Amino acid sequence: MKKPVLIIMAAGMGSRYGGLKQIDPVDQDGHIIMDFSIYDAVKAGFEKVIFIIKKENEQDFRETIGDRMAQRIEVEYVFQDIAALPDGFAVPEGRVKPWGTAHAVLSCLSVVDGPFAVINADDYYGQQAFRMIYDYLASHEDTDKYQYTMVGYLLENTLTENGHVARGVCETNADGKLAEITERKAIYFELLKEKDRYRSTKHNGNGIGLASITATAEKHGGSARFSNNDREFFADVVLRI
């Protein structure tokens, strides 16, 4: 089984931000978000990263990001060309913005022939997310069907008090399989609590999944505790290993 590779989508650099957000430092040492993503990915087991970029950004991207990342992990580049479309499709007149995620991944068709994970260049995911996705990809081969997975987050843990955000709100069925994704474009942070029960800002105020987390922890001989401090929400989950 081939080792999983990491694909980072960076062709839309600055389209939502008004500048090259991916190369803006986020700490006092000058690190960018991709520094943290690559570091966490390497620790999880990834040995190769494919950057999806625009051809016109190649030199700046290599000098600012790619050459430095190549010291830690194998690097390859793919160019997302707005005109590279399947037969029967054409670029609408006046369109200059790159297409979305599906088209970006399609750009990697000639260089990817095994399991892969896809992330955005300007999002922070955390070490656990990379460990989970790598372990799954490294242990689940395709059968007569392709095997897919995703790492999800509690919605409330992805919100900010600095304005609204857009999120893909995921629903699972009774077997824990993904059943539906609904794009929400204006979600505001609001931590609600009624008596001893946390309430959600989604689904008309239903719970945020704590009962499911608690039940899962107890099923494996562990426990789960939850608390909040003003606008911060904390989850303390202990499992027996």
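Reference entry: report on the structure contained in this document. (Residues numbered from 1 in each chain as written. Predicted model: local features only at pLDDT ≥ 70, side-chain atom pairs only at ≥ 80, totals over all residues. Heavy atoms only, no water.)

**Here we look at the sheet that holds strand β1 (residues 5–9)**
Whether parallel or antiparallel, the strands of a sheet pair through hydrogen bonds between backbone atoms.
Consideration 1: Here we have four strands laid out as an open sheet, ordered β3-β2-β1-β4, and parallel in their pairing. Bordering the open sheet on either side are β3 (74–79) and β4 (116–120), each of which pairs with just one other strand. Adjacent strand axes in the sheet meet at a mean angle of 25 degrees when their direction is disregarded.
Consideration 2: Alignment of strand β2 (residues 48–53) against β3, held across six bridges, turns out to be parallel. Paired with F51 across the two strands is Y77, which belongs to β3.
Consideration 3: Sheet strands touched by helix α1 (residues 33–44): β1, β2 and β4. Its angle to β1, the strand with the most contacts, is close to 170 degrees. (Pairing = 2+ DSSP bridges. Helix = DSSP H or I, 4+ residues; strand = E, 2+ residues; numbered from the N terminus. Axes fitted to C-alpha atoms, helices over the stretch in contact; angles between N-to-C directions. Contact = heavy atoms within 4.5 Å.)

**Side note on the packing of α1 against helix α4 (residues 127–139)**
Consideration 1: Between α1 and α4, the least distance of the axes is 8 Å, while the angle of their chain directions is 40 degrees. With respect to α4, the element α1 is oriented oblique. Crossing of α1 over α4 shows right-handed handedness. Together, S37, Y39, D40, A41, K43 and A44 of α1 and Q127, F130, R131 and Y134 of α4 make up the contact between the two elements. (Parallel < 35°, antiparallel > 145°, perpendicular 65-115°, else oblique. Left-handed = near helix turned anticlockwise from the far one by under 90°.)

**Structural notes on a nonpolar patch on the surface**
Consideration 1: Nonpolar side chains collect at one region of the surface, where V26, F36 and Y124 lie side by side and expose about 300 Å² of accessible area between them.
Consideration 2: Structurally, the position occupied by Y124 is in the loop between β4 and α4.
Consideration 3: According to the relative accessible area criterion, Y124 is exposed, its value standing at 56%. (Patch = residues over 30% accessible without salt bridge, like charges linked within 9 Å, V, L, I, M, F, W, Y side chains within 5 Å. Areas by Shrake-Rupley, 256 points an atom, 1.4 Å probe, with all protein chains shown as cover. Salt bridge = Lys/Arg side-chain N within 4 Å of Asp/Glu carboxyl O. Buried < 20%, exposed > 50% of the residue type's maximum accessible area, 1.4 Å probe, protein only.)

**A few points about the pattern of salt bridges**
Consideration 1: For the coordinates displayed, the defined rule picks out seven salt bridges.
Consideration 2: The salt bridge involving E58 is made with K55; its shortest N-O contact spans 2.8 Å.
Consideration 3: A relative accessible area of 51% means that K55 is categorised as exposed.
Consideration 4: Look at the salt bridges and you will find they share partners, linking K55, E58 and R62 into a network.

As far as function goes, none of this settles anything; it's purely spatial.
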